[in-house]
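What follows is each chain in one-letter form.
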Amino acid sequence: MKRFTSRKEDHFNKIWQLECPIGAYTQKGEPIPQEALAIYITPNPRSMHDAIFSSLVTLAKTIQHKNMLANPHQEVMNEIQKSKGRSCFVDFDFDYKDEKFGEELKRNIYERVDQSAKVQFVETREGFHVLVDPTSVEVPFKKRWYQSITELPHVDQAGDQLIPIPGCTLGGFMPILF
């Protein structure tokens, strides 16, 4: 696993830096198969201030419990990943897919947030991620939009999650933005 943080304008270059010859990623000397490799992103900015504080607490507990196997870098990266800043997007993960589901899903989402809301759909191997900008949800929908989307069939998780990056291979499948 390789984790990193970057500024929005550096995303493309950071992803490009991950490109390497097939077989370069290994585990115990054996190449990891291409279909096992994936890249994910958190769609909302991280709060470095909150991450610093929670990292200090986590590292202090590691010392207190005499956990000699802890990797400080990984502990800090975990805290960064968990420390969401503002909510630019709410992600809904739908683990279902057939030939008609994508269009049905679009219709169902827009019925709950209004046609003018900013919504992104990412198709994955197992289904779809739907990212909704909560500030763009129209007033008549503001009170119930989140709950009504989580009540739709096939919603696996909702909130601030890792999503596959469109255009990058995910276990032999390339997620697409549509």
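Residues numbered from 1 in each chain as written. Predicted model: local features only at pLDDT ≥ 70, side-chain atom pairs only at ≥ 80, totals over all residues. Heavy atoms only, no water.

(A) Examining the overall build of the protein more closely. A tally of helices and strands in the protein yields five helices and nine strands. Reading the secondary structure of the protein in the N-to-C direction produces α-β-β-β-α-α-β-α-β-β-α-β-β-β. Each principal axis of the C-alpha distribution contributes one length, and for the protein these read about 55 × 40 × 30 Å. Looking at the 178 residues of the protein, the share that counts as buried comes to 31%. Pairs at least 24 residues apart make up 71% of the contacts formed inside the protein by residues separated by at least 6 positions. Working note: accessible area of the protein is about 11800 Å², and carbon and sulfur atoms make up 56% of it. Charged side chains in the protein number 22 positive and 24 negative. The centres of these two groups are separated by 7 Å. (Helix = DSSP H or I, 4+ residues; strand = E, 2+ residues; numbered from the N terminus. Buried < 20%, exposed > 50% of the residue type's maximum accessible area, 1.4 Å probe, protein only. Contact = heavy atoms within 4.5 Å. Areas by Shrake-Rupley, 256 points an atom, 1.4 Å probe, with all protein chains shown as cover. Lys, Arg positive; Asp, Glu negative; His and termini not counted. Charge placed at Lys NZ, Arg CZ, Asp CG, Glu CD.)

(B) Quick look at the pairing of strand 6 (residues 128–132). Across the five residues of strand 6, five count as buried, placing the element largely inside the fold. Burial along strand 6 is two-sided: Phe128, Val130 and Val132 and His129 and Leu131, pointing in opposite directions, are all buried. Here five bridges tie strand 4 (residues 90–94) to strand 6, and the two strands are oriented antiparallel to one another. Bridging across to strand 6, aspartate 91 finds its partner in leucine 131. For strand 5 (residues 119–123) and strand 6, the ladder comprises five bridges, and the chain directions are antiparallel. Bridging across to strand 6, valine 122 finds its partner in histidine 129. What sits between strand 5 and strand 6 in their antiparallel hairpin is a turn of four residues. (Pairing = 2+ DSSP bridges.)

(C) Looking closely at the nonpolar core. Grouped together as the largest cluster of nonpolar side chains are 18 residues, with contacts concentrated most on Phe94, Ile109, Val113, Val119, Val130, Val132 and Ile149. Every element with two or more residues in this core is listed here: strand 4, helix 4 (101–113), strand 5, strand 6 and helix 5 (145–150). (Core = buried A, V, L, I, M, F, W, Y, C linked by side-chain atoms within 4.5 Å.)

(D) A look at the environment of glutamate 103. Structurally, glutamate 103 can be placed in helix 4. Spatially, the C-alpha atoms of glutamate 103 and lysine 28 are 44 Å apart, while their sequence positions differ by 75 residues.

(E) Expanded view of the state of the cysteines. In the structure shown here, the tally under the stated rule is zero disulfides. Free cysteine: cysteine 20, not disulfide-bonded; nearest cysteine sulfur from cysteine 168 at 13 Å. (Disulfide = S-S within 2.5 Å.)

(F) Examining unusual backbone geometry more closely. Backbone geometry at aspartate 114 places phi at a positive 90 degrees, although glycine is not the residue there. Here aspartate 114 shows up in the loop between helix 4 and strand 5. Non-glycine residue histidine 154 carries a positive phi angle of around 75 degrees. Relative to the helices and strands, histidine 154 is located in the loop between helix 5 and strand 7 (155–159).

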